[in-house]
Amino acid sequence: MNTDKEPDIKDMTITIEVGSGVIDRVRTGETTHIVVTINDDNQELFLQNYDGHLLLCTEELPDTYHGCYYYNGGEFPYILKDTLEFLVLTDGDNHCFTHIISKEAVPGTRFRFQGPNEPSIEDPNGDSCIWEIQFEILPVPEEPKKYLMRWNPSISSFKEEDYKECIDNTKKGRFRLNWSIYEWEEARRGDLFYMLRTGDDKAGIAFNGYFLSDPYTGDDWAGTKKRRCYVDMVCQNAVEPEEVPFISLEKLKEAIPEYNWEKGHSGELLPEDVREKLDELWGGNE
């Protein structure tokens with residue numbers, strides 16, 4: 001089976017109808033999760049399919065199963081599409097484009113499957129169930145900004161061993177951090193960032209991601225009495241701790257010499273021309 005083909009945009013995006021007011025709550029951050037029930041009509045949108053067959057991730061195939069209704073002891077037996085990256089929410093009048101930050105399948109109503117064309121009987125101990133997918137989502141700003149965060153393991157409260165722990169506990173290629181941001185005034189949920197590692201022989205872009213929160217104040221990570229601004233982040237595309245990043249500090253200095261990569265604060269808003277050049281460099285890493 002070939003899983004290396006380029007995903008089609010239609011496989012990356014799903015449109016979901018939501019009730020009145022949901023989009024406003026998603027945009028303000030009051031609602032961060034959307035739950036969708038899997039059924040026969042929509043299962044091919046959410047589940048990995050190969051040659052017309054749903055892919056099962058169970059060691060032993062059930063004798064009978066219908067659609068995606070196999071209970072499997074509470075473990076989701078099917079494979080969620082790993083190409084899904086976006087949800088478009090619509091209430092008929094408004095639309096909201098969102099990143100999928102995480103997705104998890106959970107069992108809903110359980111029942112006993114009686115066979116094709118036979119009525120199903122609700123049963124809390126039944127061998128079948130209606131599965132639900134819980135999507136954690138983040139609205140995509142119309143014009144997202146991009147920031148350069150900085151990390152020097154030798155002076156940061158976030159040490160090399162903390163980074164290794166994050167890599168070890170990565171789920172679906174992502175982990176989460178909070179980080180100080182210097183130019184916080186214009187930063188918003190959904191803005192983008194690159195993390196620049198500095199101060200050692202592995203200097204370069206270590207990972208990238210999204211801001212999960214607006215900036216907020218907190219105690220200084222360095223232990224002083226002053227207050228700092230922080231953002232919560234979801235991090236992805238992380239380089240292994242022992243490896244030199246694909247975009248090394250030397251490559252940054254060579255490709256974009258007009259920007260001072262070696263000195264600066266964590267959380268600098270990237271100028272548009274620098275952002276475009278850095279995005280182009282990063283594109284060669286994908």
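Below: a short report on this structure. All residue numbers here refer to positions counted from 1 along the written sequence of the relevant chain. At least 70 in pLDDT is required for a residue's local features to be given in this predicted model, at least 80 for side-chain atom pairs to be given and counted, and no such filter applies to totals for whole chains, interfaces and linings, which use all residues. Excluding hydrogens and water, the side-chain figures rest on all heavy atoms present in the structure.

1. A closer look at the side chain of lysine 146
Thought 1: Per the convention used, a helix needs a DSSP run of H or I reaching at least four residues, while a strand needs a run of E reaching at least two, with both numbered from the N terminus. Along the chain, lysine 146 falls in strand E9 (residues 146-151).
Thought 2: Judged by relative accessible area, which is 9%, lysine 146 ranks as buried.
Thought 3: We call two residues contacting when some pair of their heavy atoms lies within 4.5 Å. Not counting residues within four places of it along the chain, the set of residues in contact with lysine 146 comprises Leu192, Phe193, Tyr194, Glu268, Leu269, Leu270, Arg275 and Asp279. Burial here depends on accessible area, computed with a 1.4 Å probe over protein chains only, as a share of the maximum for the residue type. Under 20% is buried, over 50% is exposed, and the range in between is partly exposed.

2. A few points about helix H4 (residues 160-168)
Thought 1: Every buried residue of H4 is listed here: Glu160, Tyr163, Cys166 and Ile167. End-on, the buried residues of H4 take up no more than an arc of 115°, which puts them together on one face. Exposed and oriented more than 90 degrees from the buried face of H4 are Glu161 and Asp168.
Thought 2: Tucked inside the fold, the buried residues of H4 contact E9, strand E10 (174-180), strand E11 (192-197) and strand E12 (204-211). Here the arc refers to the directions that run from the helix axis out to each C-beta atom.

3. Looking at the packing of aromatic side chains
The description of two aromatic rings rests on the distance between their centres and on the angle between their planes.
Thought 1: Whether two aromatic rings pair depends on their centres lying within 6.5 Å, for rings of Phe, Tyr and Trp, where Trp uses its six-membered ring; planes under 30 degrees apart make the pair stacked, over 60 edge-to-face, and the rest tilted. All chains considered together, the criterion is met by 19 aromatic pairs.
Thought 2: Seen from their ring centres, phenylalanine 86 and phenylalanine 97 are 4.8 Å apart, and the 20° between their planes marks the pair as stacked. Pair noted here: phenylalanine 86 is in strand E5 (residues 86-90) and phenylalanine 97 is in strand E6 (residues 95-112), with a separation of 11 residues, a long-range link.
Thought 3: Phenylalanine 97 gets classed as partly exposed once you look at its relative accessible area, which sits at 35%.
Thought 4: Here a set of aromatic residues connected by ring pairs shows up, and it is made of Tyr147, Trp151, Phe158, Tyr163, Phe175, Trp179, Phe193, Phe207 and Phe211.
Thought 5: Charges are assigned to positions over rings by a cutoff of 6 Å between ring centre and Lys NZ or Arg CZ, combined with an angular limit of 35 degrees from the ring normal. For the cation-ring pair, arginine 110 lies above tyrosine 71, with the distance from its terminal atom to the ring centre recorded as 3.7 Å.
Thought 6: Cation over ring: lysine 251 sits above phenylalanine 246, and NZ or CZ is 4.3 Å from the ring centre.

4. Regarding the layout of surface pockets
Thought 1: A cavity here means a set of points on a 1 Å grid, drawn over the protein atoms and nothing else, where a 1.4 Å probe fits but cannot get out; a pocket is an open set with protein on both sides within 12 Å along at least five of seven lines, and a residue lines either one if it has an atom within 4 Å of a point. Grid points are joined across faces, edges and corners, and a volume is the space filled by probe spheres set on the points. Quantified by volume, the second largest pocket comes out at close to 640 Å³.
Thought 2: Around the second largest pocket sit 25 residues that line it, and Arg150, Trp179, Ser180, Trp221 and Ser266 are the ones nearest its centre.
Thought 3: Contributing elements (two or more residues each) for the lining of the second largest pocket: E9, E10 and strand E14 (227-236).

5. A closer look at the pattern of salt bridges
Thought 1: Salt-bridge detection follows one rule: a side-chain nitrogen of Lys or Arg within 4 Å of a carboxyl oxygen of Asp or Glu. All chains considered together, the criterion is met by 13 salt bridges.
Thought 2: The closest approach of N and O atoms between glutamate 262 and lysine 253, which form a salt bridge, is 3.4 Å.
Thought 3: Here the salt bridges share partners, and the residues they tie into one network are Lys146, Arg275 and Asp279.

6. As for the nonpolar core
In a soluble, globular protein the nonpolar side chains are often hidden away together inside.
Thought 1: Put simply, a nonpolar core is a bunch of buried Ala, Val, Leu, Ile, Met, Phe, Trp, Tyr and Cys residues held in one set by side-chain atoms that sit within 4.5 Å of each other. Grouped together as the largest cluster of nonpolar side chains are 31 residues, with contacts concentrated most on Ile16, Phe46, Leu47, Phe76, Leu87, Leu89 and Phe135.
Thought 2: Listing elements by their share of this core, those giving two or more residues are strand E1 (13-17), helix H2 (22-28), strand E2 (33-37), E5, E6 and strand E8 (128-139).
Thought 3: It is E8 that provides the largest number of residues to this core, a total of five residues.
Thought 4: Leave out the neighbours within four places in its chain, and leucine 89 touches Ile16, Val18, Ile23, Val26, Ile34, Asn94, His95, Cys96, Thr98 and Ile137.
Thought 5: Tyr147, Met149, Phe207 and Val239 belong to the second largest nonpolar core, which has 22 residues in total.

Honestly, that's just the spatial picture; any functional story needs more than this.
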